[in-house]
Amino acid sequence: TQAITTITLSQSLLVFNIRVNDADPGDYMVGGFVSATNQLTFNRNNAGGSPIVIIEWQVFSFSSGVNVQRGTVTNLAAAGANVTITAVNLSRSFATVNVRKDGAQYGSDDGVTADLTTTTNLFLDREAGGADPQFVYWQVIEWTGSSVQKITATLNNGVDSVSTTLGTSVNKSRTMIVGSHRQSGDLNDDDIASTELLNNTTVIFTRVGTANTLSFVYYVVEFSDNTDVVHGSIRMLSSENLVSTAICSVTAAQSGILPPSCYFRAGSNCRT
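Predicted, not measured: the structure shown is a model, and the values here were computed from it. Position labels on residues start from 1 in each chain and follow its written sequence. Per-residue local features are limited, in this predicted model, to residues with pLDDT of at least 70; the limit for side-chain atom pairs, both in listing and counting, is 80 or more; totals at the level of whole chains, interfaces and linings are taken over all residues. Values reported for side chains reflect all heavy atoms of the structure, with hydrogen atoms and water molecules removed beforehand.

1. Quick look at the environment of Gly 48
Relative to the helices and strands, Gly 48 resides in the loop between strand 4 (39-43) and strand 5 (54-61). Residues Gly 48 and Asp 27, 21 residues apart in the sequence, show an inter-C-alpha distance of 9.9 Å. Helix and strand assignments come from DSSP, with helices taken as H or I runs of at least 4 residues and strands as E runs of at least 2, each series counted from the N terminus.

So this is what it looks like as structure tokens:
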């Protein structure tokens, strides 16, 4: 558990990512959620003897204009699960998801997508095979000062890149992309894709390896309030474990980092 300054649950959003030297989903697939107005909880399936996982988390708490719904689904079956939510405006809403899971290989039962299918329904889905994810934690965020486009894409087995053209052009400096993926079978690090808002009209998914099929559900969120977005990508050499990059000046207490992909096992890696 992690103590935090007291927040209003319906106006607060949790994001996090992890670092770990391990390939066992039971060790590194950490589930995280807001467990109280002053507390976060992170858990994983494996306990004693597991490697250290570094969790880097942020809580965004808003005074107005943002409404957050959250919940947990246990033992998500291959058929997926529909979650009833309070009605939202789909053109101003997006969803995040993270998963606690056991197992020995990152496979078809480890990737979960969060799809807002109607104003009152969130569909959580995974591919068939393997064991049910024990806990799936979701958040639905309705952001009044935004315009949201949902995109779905498929990176087929044997293919290393796919792009999607947005229905409406966006201002990249006012736009973020966030979402999730699921996969058809066992993957190594190089089979997982990086996600990039390439320009004002294009989202691209790219990977080095090409095993199995990845299915994406992503939200392109363009802000009409005073929110600015800085984009970037970093290449780390095999000899490096720390790289810094310069950004424009920001107000630290009002700024944060949202990775565009799932909170675990995302990014392009050559595995060498």
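2. Remarks on the packing of aromatic side chains
Centres within 6.5 Å make a pair out of two Phe, Tyr or Trp rings, where for Trp the six-membered ring is used; the pair is then stacked when the planes are under 30 degrees apart, edge-to-face when over 60, and tilted otherwise. This structure, assessed with the given rule, holds 8 aromatic pairs. Both rings, one in Trp 143 and one in Phe 223, keep their centres 4.6 Å apart while their planes meet at 55°; by these two values the pair is tilted. In this pair, Trp 143 is assigned in strand 11 (residues 135-143) and Phe 223 in strand 17 (residues 214-223), connecting sequence segments 80 residues apart. Residue burial is assigned from relative accessible area. The probe radius is 1.4 Å, only protein chains are included, and a residue is buried under 20% of its type maximum, exposed over 50%, and partly exposed in between. Its relative accessible area of 8% is what places Trp 143 among the buried residues. Members of the aromatic cluster, joined through ring pairs, are Phe 33, Phe 135 and Tyr 137.

3. With respect to the pairing of strand 15 (residues 194-197)
Residues Thr 195 and Leu 197 point to one face of strand 15 and are all buried, whereas Ser 194 and Glu 196, pointing to the other face, are not buried. Criterion used throughout: strands pair if DSSP finds at least two bridges between them. Where strand 15 and strand 16 (residues 202-206) come together, 4 bridges link them in antiparallel fashion. The partner of Thr 195 across the bridge, within strand 16, is Phe 205. Between strand 15 and strand 16, which follow one another and run antiparallel, lie 4 residues.

4. Details of the environment of Gly 185
Summarising the element assignment, Gly 185 is placed in the loop between strand 14 (175-183) and strand 15. For Gly 185, a relative accessible area of 10% gives the class buried. For the pair Gly 185 and Gln 105, spaced 80 residues apart in sequence, the C-alpha separation works out to 9.7 Å. Not counting residues up to four positions away in its chain, the partners in contact with Gly 185 are Tyr 106, Gly 107, Ser 108 and Asn 212. Here, two residues are considered to be in contact whenever any of their heavy atoms come within 4.5 Å of each other.

5. Some words on the side chain of Ser 146
Mapping Ser 146 onto the fold places it in strand 12 (residues 146-155). Here Ser 146 falls in the buried class, since its relative accessible area comes to 1%. If we ignore the near neighbours within four places in the chain, the residues touching Ser 146 are Ser 91, Arg 92, Val 221, Glu 222, Phe 223 and Ser 224.

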